[in-house]
Amino acid sequence: MPDRPFSTEQLELIDKLTERAMSVPAESRRAMLEEACGGDTDVLDEIWELVGAEVTPEELSDVSPPIATSIGREALPDQIGPYKVLERLGEGGFGVVYLAQQTQPVRRKVALKIIKPGMDSSAVLARFEAEFQALALMDHPSVAHVYDGGSTPEGRPYFAMELVKGVPITDFCDRHQMGLRARVELMIKVCEAVQHAHSKAVIHRDLKPSNILVEEGDSGPSPKVIDFGVAKALSQRLTERTLHTEIGQMIGTPEYMSPEQAEHSLLDVDTRSDVYSLGVVLYELLVGRTPFDPLVMRTAGYAEIQRIIRETDPQRPSTRITQASRRGPAAGAANANTAIAQARRTDPTQLSKLLERDLDWIVLKCLEKDRDRRYETASALATDLRRYLDDETVLAGAPSVSYKVSKFVRRNRGPVIAAGVVSASLLIATGVSTAAAVVAYQAQQDAEERAEELQLVADFQVSQLRGLDAQQLGVGIRSTILDSVPEQSFSVATDAIGPVNFTNVALATLQDGILAQSIEAIDRDFADRPILHAGMLQTAALTLRDLGLLGAALDPQQRALQIRRDRKGNDDRDTLRSIDWMGVLRQLRGETTEAESLLTEALERRRALFGDLDEDTLLSVSNLGVLYRSQRQLAEAEPLMREALDGRRQTLGEEHPDTLVSLNNLALLMTDLARPEEAEVMFREGVDLSRRILAEDDPERFTSLTHLGELLVNLGRLNEAEPYLREALEGRVRLLGDAHHSTLSAKSNMAVLLEQLGRLDDAESMYTDALEGCRETLMRDHPITLRVLNNLGFLLNRQGRTADAEPYFREAIEGRRRTLGENHIQTLISTHNLAGMLRDAGDLEGAEVLYRRSVSGARQELVETHPFRMVTTMSLGRVLGMRGLFEEGERELVTTFDAYVETPSADARRVAEHAGHIVEFYEAWHAQVPGIGHDERAQRYRSEYLAGGD
């Protein structure tokens, strides 16, 4: 057969079409190749020589006798090059492997791989040579070595490899009854071997237990990765066939194959495909089964195999153990589970528990359909496995609920689209509106008429975007899926992905789908209309902000503001709106310095341009007042809030929703200023006003009820507070449902009341119910979720259950750090609470560290008279005294207390509580270091603040 000189493009086409042809029925294969080759007869002839006679018996009758004979089993040769052949070990599509004896220069047995007779086309020879070069690059103790290579007198290439006498890794582990830790340790060595191959720019592409052999060595089990026969080079061409791939099958082994490899996109497979296969091997090592049934993967049609690999999500390993009994007779399944567990030195129940969380997360991260979500390298997988062994937090983490559920929704796209009519309509409206804008732009010749058309389109899209409600959309999706998807299918899906958070589905759909596409369309179709472009971006930013997606809102908000500053100037009304809205967004993100600068700029410019009673001016007044209140700059907040209320009463009237907002804001400030009588009058006015001006189905009716109930709780009038809080809770459940964020906030408020009433079990139950709702309905770091976590931790610590309380405190701290920053007051409060728990548990050193962190953050972010800054500083002083650091402790505790009693927010109960701590401080100091003044100072606080009682 003459060699044909092929170009790189032709060789790539040969590789691709050879594999595709093997999956096409024999009767249609030739026609497919003729069309795909596009008239390139050399490429067609080359592929047909490979696949035209090798797949099915029916085709053999059409093949010339020499080729037909050549693919039959070859007689065992005596000698290949300098190697004496002893026996046949196996064969694949292109090669045969023999056991051979080498005598020179060293005496050893080797595995000898030689190309099959009749398969020596130029393309195959080129790939075989490239494979040898790739294997020769390897130099790792856990990769089988290549010793030598050459050609037979007939021109058939061969190479000699290290003979590995081990057994497949799964068999080895089961025979030796290796526990989970030992299996993980062995898997780390395999990852290191694969990483070595990747560092040499070689992908294995057929990693499975039979290609990972383990021998027992002097230093313990030693794995060897063998058979790079389907390896693909990252920077060079290698063979596309494995020694053990059956003729006519896809490259690789279906049970261990990544989704992208199953797609036949062979040139797009990278190292993350091997990471996927490593995940399957790890899965099998842990639970004794592959993620997908091997029988199904071997007997299903090619298209069905592809569908399973691409679309079916594997069960968590821990769930696979507990649910295996569903796959067959109970006794047989139970016996199988017991045998699997015993091979891991445990029982089925304990094995499932050992797999939960860390190992589940690691495996599922490897098996992600989207390779961008997998570990980037085999080395990263090994690192996370080491973290598991070292009891450190694994980097995999739990797959996000919104991501898991969004995959479920994509698999049930029809019902979800039916449920999300609002979203679908919006998406269509977005596309239509953008298209209409382009048509209008092209069709209208008059500039003014064109601008008017575009503005109408933009206004329509604005009205659509601003009407989004993720909570209600999520409820609709949930309802329709439950009505449309068979209950059994839904149950199986939720078993695999965990609790379904339909609000997160909606949020993910809105942020990553509809809104992302809207912003792309805005940038694409309105780039040459900067004023409209800014308006559309501003709308998208407000929508994202209102949905709680503060990070996603920042970019469109910044760009809208910058365009308006550049095009319309700083004194334009729209520019000032963007400045004000940017300030509000910064405040919500905890960036208070930037927020104050922006809100102040907006207010000053609006006053100068539009006057004190302009609606936008009053909005700026209100927003700046709210910021000052959040920073406990109460003296600065009060005149602004009074101005906003008076101005709205004058311009909008007493019975306007904005007036009600200002009334509630001022009442909250009165609470902060320790003027509860004034606050109560305003809250009661707000309750009456909301009942007059708001519809019965308006959830805002319950805002004033909630505020009034909270005030009464703080005043100790608990029985009086309960009907208000209960009405607010019941009304929100009735109007919004049990899982709406406002309902969950009302449950949290009710739990606080129950705690104050001493009904601790009821309070814990209410907190737990609220937390379950938060985890199912809200994002992980939603403010309500974090507040409930913090309060539940506080309640458990109050009951002396420190071990139960600690994880809630820590989760709250980490969530607030992620979303609000290290020094945000909410983060500092959670840090302070955890410090108090450690102090009560006797860990004074740990408490001191956290108190110092809280005090440092408070001093950076809060004014001196802020109640929390004073309280946390006094707590630091107290714990310093408990540690015997009296001089520093006195400076922090006593000095701050003396300033605290002068502030408006210092109530008698708190003053007495802190005075009691000071008495204990001085008594402890006097007991340890008797000194003049210690006892006298204790007596002063005892008599002045504790009514003279001991």
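Residues numbered from 1 in each chain as written. Predicted model: local features only at pLDDT ≥ 70, side-chain atom pairs only at ≥ 80, totals over all residues. Heavy atoms only, no water.

Concerning the overall build of the protein
The test is simple: A run of H or I in DSSP counts as a helix once it spans at least four residues, and a run of E counts as a strand once it spans at least two, with each numbered from the N terminus. What sets the accessible areas is the Shrake-Rupley method with a 1.4 Å probe; for residues, cover comes only from the shown protein chains.
When helices and strands are counted, the protein shows 44 helices and 11 strands. Per element, the accessible surface of the protein, about 41,500 Å² overall, is 49% carbon and sulfur.

Some words on the pattern of salt bridges
Selection rule: In the sections that follow, a salt bridge refers to a side-chain nitrogen of Lys or Arg positioned within 4 Å of a carboxyl oxygen of Asp or Glu. In this scheme, a residue with accessible area under 20% of its type's maximum is buried, one over 50% is exposed, and one in between is partly exposed, where area comes from a 1.4 Å probe on protein chains only.
The full count for this structure, using the stated rule, is 56 salt bridges. Among the salt bridges present, the one from Glu601 reaches Arg605, with a minimum N-O distance of 3.2 Å. Of this pair, Glu601 and Arg605 both sit in helix H28 (residues 592-610), four residues apart, which is roughly one turn of that helix. The residue Asp804 makes a salt bridge to Arg801 at a minimum N-O spacing of 3.2 Å. With relative accessibility at 39%, the residue Asp804 sits in the partly exposed group.

Observations concerning the state of the cysteines
Going by this rule: Note on terminology: disulfide denotes any pair of cysteine sulfur atoms within 2.5 Å.
Following the criterion strictly, the structure yields zero disulfides and no others. Distance from the sulfur of Cys191, which forms no disulfide, to the nearest cysteine sulfur (Cys366) is 7.4 Å. The exposure class of Cys191 is buried, given its relative accessible area of 0%.

Points about the pairing of strand S6 (residues 157-162)
Rule in force here: Here the rule is simple: two strands pair whenever DSSP picks up at least two bridges between them.
Across the six residues that make up S6, a large majority, six, are buried. Two strands pair when backbone bridges link them, and strand S4 (residues 108-115) and S6 are joined in this way by five bridges, in the antiparallel orientation. Pairing of Val110 across the sheet is with Glu162, part of S6. Two strands pair when backbone bridges link them, and strand S5 (residues 146-151) and S6 are joined in this way by five bridges, in the antiparallel orientation. In the strand pairing of S6, Ser151 is matched with Pro157. Connecting S5 to the next strand, S6, in antiparallel fashion are five residues, including Gly155 with a positive phi near 90°.

Some words on unusual backbone geometry
Omega for the bond connecting Gln104 with Pro105 falls within 30 degrees of zero, at -5°, which places this linkage in the cis form. Phi at Ala201 takes a positive value of approximately 65°, unusual for a residue other than glycine. With respect to the helices and strands, Ala201 occurs in the loop between helix H8 (180-199) and strand S8 (202-203). Positive phi, normally seen in glycine, also occurs at Arg357, with a value near 70°. Among the structural elements, Arg357 can be located in the loop between helix H15 (348-355) and helix H16 (358-366).

Digging into the packing of aromatic side chains
By convention here, two paired aromatic rings are described through the distance between centres and the angle between planes. The condition is simple: Aromatic pairs are defined between Phe, Tyr and Trp rings, using the six-membered ring for Trp, whenever the two ring centres lie within 6.5 Å; interplanar angles under 30 degrees are classed as stacked, those over 60 as edge-to-face, and all others as tilted.
Following the criterion strictly, the structure yields eight aromatic pairs and no others. Note on Phe886 and Phe921: the rings are 5.7 Å apart at their centroids and 75° apart in plane angle, and the pair reads as edge-to-face. A residue pair is termed long-range when its members are at least 10 positions apart, and Phe886 in helix H42 (residues 886-900) and Phe921 in helix H43 (residues 908-928) qualify at 35 residues. Each member of the pair, Phe886 as well as Phe921, is classed as buried. Taking the centre distance of 6.3 Å and the plane angle of 20° together, the rings of Tyr922 and Tyr941 count as stacked. Remark: Tyr941 occurs in helix H44 (residues 934-945) and Tyr922 occurs in helix H43; sequence separation between them is 19 residues.

Comments concerning the confidence of the model for the protein
Short version of the rule: Looking at any residue, its pLDDT shows the predictor's confidence there, from 0 to 100. Note on definitions: a residue-residue contact is assigned when non-hydrogen atoms from the two residues lie within 4.5 Å.
Put simply, the protein has an average pLDDT of 76, and 73% of its residues get 70 or more. Looking over the protein, one finds the lowest element-wise mean pLDDT in helix H5 (residues 65-70), namely 30, and the highest in helix H10 (residues 271-287), namely 94. The low-confidence segment residues 324-332 (pLDDT under 50) makes eight contacts with residues lying over four places distant or belonging to another chain. For the stretch residues 400-512, pLDDT sits under 50, and the model shows 154 contacts to residues farther than four places along the chain or on other chains.

Quick look at the sheet that holds S5
Pairing is antiparallel in the open sheet, where six strands are placed in the order S1-S2-S3-S4-S6-S5. Each having just a single partner strand, strand S1 (79-80) and S5 make up the two edges of the open sheet.

Things to note about the sheet that holds strand S10 (residues 220-225)
Which entries qualify depends on this criterion: Fitted lines through C-alpha atoms serve as axes, helices being fitted only where they are in contact, and the angles separating the N-to-C directions of these axes extend from 0 to 180 degrees.
Taken in spatial order, the three strands make up an open sheet running S7-S9-S10, and their pairing is antiparallel. Strands at the two margins of the open sheet, each flanked by one partner only, are strand S7 (167-168) and S10. Note: S7 against strand S9 (residues 212-217), two bridges, orientation antiparallel. Bridge pairing links Pro168 to Leu213 in S9. The strands touched by H8 are S9 and S10; relative to S10, the strand with the most contacts, the crossing angle is about 35°.

Side note on helix H26 (residues 550-568)
Every α-helix winds through 3.6 residues per turn, so residues three or four apart in the chain are directed the same way. Rules: For a helix, the expected span equals 1.5 Å multiplied by the number of residues minus one.
A rise of 1.5 Å per residue sets the reference length of H26, with its 19 residues, at 27 Å; its end C-alpha atoms lie 26 Å apart and thus fit the reference within 8%. Listing the buried residues of H26 in full gives Ala553, Leu554, Pro556, Gln557, Ala560, Leu561, Ile563 and Arg564. Gly569, located one to two residues past H26, shows a positive phi value of around 85°.

Some points on the pairing of S4
Summarising burial for S4: six of the eight residues are buried, a large majority. When strand S3 (residues 95-102) meets S4, the two strands line up antiparallel, connected through eight bridges. Bridge pairing links Val97 to Lys113 in S4. Between S3 and the antiparallel strand that follows it, S4, lie five residues.

A look at the side chain of Glu284
The criterion, for reference: In summary, the charge assignment counts Lys and Arg as positive and Asp and Glu as negative, without counting His or the chain termini.
Residue position: Glu284 is located in helix H10. For the buried residue Glu284, which engages in no salt bridge, the nearest side chain bearing the opposite charge is Arg344, 7.7 Å off. If near-sequence neighbours (up to four positions away) are discounted, Glu284 is found in contact with Thr170, Pro209, Tyr256, Arg289, Thr290 and Arg344.

Concerning the environment of Asp672
Summarising the element assignment, Asp672 is placed in helix H31 (residues 657-672). Distance from Asp672 to Arg629, taken between C-alpha atoms, is 8.4 Å for residues 43 residues apart in sequence.

A closer look at the packing of helix H33 (residues 701-714) against helix H34 (residues 718-736)
How two helices pack is summed up by the angle between their axes together with the distance between the axes. The condition is simple: Note that the term roughly parallel is reserved for angles under 35 degrees, roughly antiparallel for angles over 145, roughly perpendicular for angles of 65 to 115, and oblique for everything else. In this scheme the handedness of a crossing depends on how the near helix is turned from the far one: anticlockwise by less than a right angle means left-handed, clockwise means right-handed. Under the grouping applied here, Gly and all other residues not named as nonpolar or charged are polar, the nonpolar ones being Ala, Val, Leu, Ile, Met, Phe, Trp, Tyr, Cys and Pro and the charged ones Asp, Glu, Lys and Arg.
Direction vectors running N to C along H33 and H34 enclose 150°, while the axes themselves pass 8 Å from each other. If you check the angle between H33 and H34, you find them roughly antiparallel. In the crossing of H33 with H34, the sense of the turn from one axis to the other is left-handed. Listed contacts from H34 to Phe702, Thr703, Leu705, Thr706, Leu708, Gly709, Glu710, Leu712 and Val713 of H33 are Leu718, Glu720, Ala721, Tyr724, Leu725, Glu727, Ala728, Gly731, Arg732, Arg734 and Leu735. The residue inventory of the contact of H33 with H34, partitioned by class, reads 11 nonpolar, four polar and five charged.

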